[in-house]
Amino acid sequence: MTTATLTTRLLGGPPLGPRPAGVDVEAAVAAAGLVGRGGGGFPTARKLAAVRGRRRAPVLVANAAEGEPLSTKDATLLARAPHQVLEGIVLAASAVGAREAYLCLPAGLAPPPAVQDAVRRHDLAGVTVRLRAVPRRYVASEESALVQLLSGGPALPTSRPPRAAERGVRGAPTLVLNVETLAGVALAVHCGPQRYRAVGDPAEPGTLLVTVAGAVPAPGVVELPTGTPAGTALAAAGAVDVGAVLTGGYGGAWLSGEAARSAPLTHAGMRTAGGVLGPGILAVLPRHACGPAETAAVARYLAGQSAGQCGPCVFGLPDIAGALDAAVAGGPHAPAALAAVRRWTATLPGRGACRHPDGAARLVASALRVFAADLSAHVSGRPCAGFFGPRYLEVPR
Amino acid sequence: MRIEVDRIACRGDGLCAGLLPEAVTLDDWGFPIVGPLPPGSEKAARRAVAACPALALRLEART
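Residues numbered from 1 in each chain as written. Chains lettered and ligands numbered in written order. Predicted model: local features only at pLDDT ≥ 70, side-chain atom pairs only at ≥ 80, totals over all residues.

Draft legend 1. Representation of the overall build of chain B. A tally of regular secondary structure across chain B gives two helices and four strands. Secondary structure elements in chain B, listed N-terminal to C-terminal, are β-α-β-β-α-β. C-alpha extents for chain B along the principal axes are approximately 30 × 20 × 20 Å. Within chain B, the proportion of its 63 residues that are buried is 25%. In chain B, of all internal contacts separated by at least 6 residues, the share reaching a separation of at least 24 is 55%. (Helix = DSSP H or I, 4+ residues; strand = E, 2+ residues; numbered from the N terminus. Buried ≥ 20, exposed ≤ 12 C-beta atoms within 10 Å, placed from the backbone. Contact = placed C-beta atoms within 7 Å.)

Draft legend 2. The domain arrangement of chain A, seen in detail. All names here are of chain A. Each domain of chain A was delimited in the assignment, giving domain 1 (25–196), domain 2 (207–285) and domain 3 (291–388). Look at where the C-alpha atoms of domain 2 and domain 3 centre, and you get two points 22 Å apart. Opposite the nine residues of domain 2 that make contact, domain 3 presents twelve residues. The leading source of residues in the side of domain 2 that touches domain 3 is strand β8 (residues 253–256), at four residues. (Domains from an automatic or database assignment.)

Draft legend 3. Geometry of the sheet that holds strand β9 (residues 281–285) of chain A. All names here are of chain A. Pairing in this open sheet of five strands is mixed, and the strands run β6-β5-β9-β7-β8 from one edge to the other. At either end of the open sheet lies a strand with only one pairing partner, and these are β6 (220–225) and β8. With direction set aside, neighbouring strand axes in the sheet form an average angle of 30°. (Pairing = 2+ DSSP bridges. Axes fitted to C-alpha atoms, helices over the stretch in contact; angles between N-to-C directions.)

Draft legend 4. Fine view of the pairing of β8 of chain A. Residues and elements named next belong to chain A. Summarising the sheet, strand β7 (residues 244–247) and β8 pair through four bridges and their orientation is antiparallel. Bridging across to β8, T247 finds its partner in A253. Counted along the chain from β7 to the antiparallel partner β8, the turn is five residues long, and its residue G248 has a positive phi close to 85°.

Draft legend 5. Expanded view of helix α15 (residues 356–370) of chain A. Residue and element names in this part refer to chain A. Compared with the 21 Å implied by 1.5 Å per residue over 15 residues, the 21 Å span of α15 between its first and last C-alpha is a close match. Burial analysis of α15 places twelve of its 15 residues in the buried class, the great majority of the element. Buried residues of α15: H356, P357, G359, A360, A361, R362, L363, V364, A365, S366, A367 and V370, and no others. Buried-residue contacts for α15 involve β7, β8, α12 (291–304), α13 (311–329) and α14 (334–347). (Expected span 1.5 Å × (residues − 1).)

Draft legend 6. Examining the environment of P357 of chain A more closely. Residues and elements named next belong to chain A. Mapping P357 onto the fold places it in helix α15. Take P357: there are 29 C-beta atoms within 10 Å of it, and that puts it in the buried class. Along the backbone, P357 and Y138 are 219 residues apart, and their C-alpha atoms lie at a distance of 12 Å. Among residues more than four places away in sequence, those in contact with P357 are P312, C313, G316, L317, L348, R351 and G352.

Draft legend 7. Molecular detail of the sheet that holds strand β4 (residues 174–178) of chain A. All names here are of chain A. Reading across the sheet, the four strands line up as β3-β2-β1-β4 and stay open at both edges, with parallel pairing between neighbours. For this open sheet the edge positions go to β3 (128–134) and β4, each flanked by a neighbour on one side alone. Looking at each pair of strands side by side, their axes are set apart by 25° on average, direction ignored. In this sheet, β4 lies alongside strand β1 (residues 59–63) in parallel orientation, the contact comprising five bridges. Paired with V59 across the strands is T174, a residue of β4. Of the strands in this sheet, β1, β2 (100–106), β3 and β4 are in contact with helix α4 (residues 82–96), which crosses β1 at around 155°.

Draft legend 8. Here's a closer look at the packing of α4 of chain A against helix α7 (residues 179–191) of chain A. All names here are of chain A. Where α4 meets α7, the closest approach of the two axes is 7 Å, and the angle between their N-to-C directions is 75°. By the angle between their directions, the pair α4 and α7 is classed as roughly perpendicular. Facing α4, whose interface residues are Q84, V85, E87, G88, I89, L91 and A92, α7 presents V179, L182, A183, V185, A186 and V189. The residue makeup of the contact of α4 with α7, split by class, is ten nonpolar, two polar and one charged. (Parallel < 35°, antiparallel > 145°, perpendicular 65-115°, else oblique. Nonpolar A, V, L, I, M, F, W, Y, C, P; charged D, E, K, R; others polar.)

Below, the structure written as C-alpha cells:
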C-alpha cells in the first residue's frame, strides 16, 4: 500500500543515476534541511559534523533494527529501495571519512535477498559494509546499545558520556543513522538540496515513511510529504472508525481520533498536538476499544523490555504497569493505584541511561489524558464494554 | 554546577539524599531524583559525590 504520487521518492522512486562527483555531502544535507528519521528528529548535518575531523576514522552504523514492534518502514524501505540506502551509506561514509559501515537488521529474519544482492552489486567506493543482526528487544536498537553490540558486547544501552560520536564502536567515533535518513542523504546529494526541500514542511522537509497499524483494513507503510495531516496516512490505510491513535509507537503518546487526524506529520506538529512523531508510527483504536486496557498491556510489555540496568526503570515500569492494571480493574484500591500511576509517570523521565523509561511514562501519561473519562469509569467499577472485547494493538510476547 | 547520576551504576543506596537533601530526594523505590543545586551547597555536593558507595555521582560544571 503505497501512494503513487510525485512525492514517492523513497519507495519506488526513479533510480538515482550516477553518483555526482565533487559534492560536499555535509553541505548538501545541511542545505536540504534533512532531519533524522529514526525517531529523534535530530538535524543530520550536525551528526555528520560531530564525527568529522577526529583523530580516528569514524565508523558508520546504518540502523534498520526497528526496535518499535509496530514499525515496518525500515524493512519496507530496504526491500523496495536497498540501493538508495546503500548509496546513502557510501555518501555519508565519504562525508566523514569512514571506511567501515554496519547495516544493522533485526535478528530472526534472514537479510532480504534484495539487500544481500545490493551489497554485492552496489558501487561501495571502497567502504566495507557488513550486515549485523540485532536482537529483537525494544532497547537493542538504541544508539549506545548498537555501539556496545558492534564492539562485541550485549545489545544493551550504556551510560553516557562518552557519546558515540566521541567514542563508539571499538573506541572509534561512531555515526549512527537510521536507514530512511541515509536514503534521504542519497536523495539530497543526487537530486540537490533545492529539489529535496521542495517537498514537505519547510522546517522538516522531504517525504516521510509512516507505518499505519492497529484496527485498519490495509495496514502498512505510506510515504507522504512531511507536514501532511496524519489523517491522510490513516485514510490511505482505509481507516474509518478512529477512536484514538497511538502516535510514535509504544514509546509515543495517544491522541484522540480528531486530534490525530489534523496533526501534521512533523516532530513539531505532532508535539504541539500532544502526540509524538517518533519513527513515524500511527496505530488506530476503534471507538469501542478500551484504551486503558490497551495501554496497560503495552505498559506491561515495555516493563518486560527494560534492559534491567537502571533502578527507576527496573522498579518503576513494572509498578506502573501493575498500578494501571489495578486502576483499570476497579475496586477499592483503584483510586490510589491511579494516583500512583500519575505520580510515577511524572518522576520517571530523564532517569535512565536510555530513554526507555521516558517513552513508557509518556505513553501512560498520555492515556491518563486521552482516556480520562473512560479511566475514571473503570476506577469506579464501571468498565467500558470494550474492556471485555478484543485488543487491537499487537504486543509481542 | 549540577549533579549527574550514572543510572546504570546507581544502586539506590540513598546516601546522596541524606547528605544533600536540598538537591536530592528519593523516589518510591529509593533511587535519586536530582534537582538544581542551590547556591552555597557546592561543598555538600562534593561530599555526596565522594560518599556514593557505587561511585555513581559526578559534579558537572554546566548547570
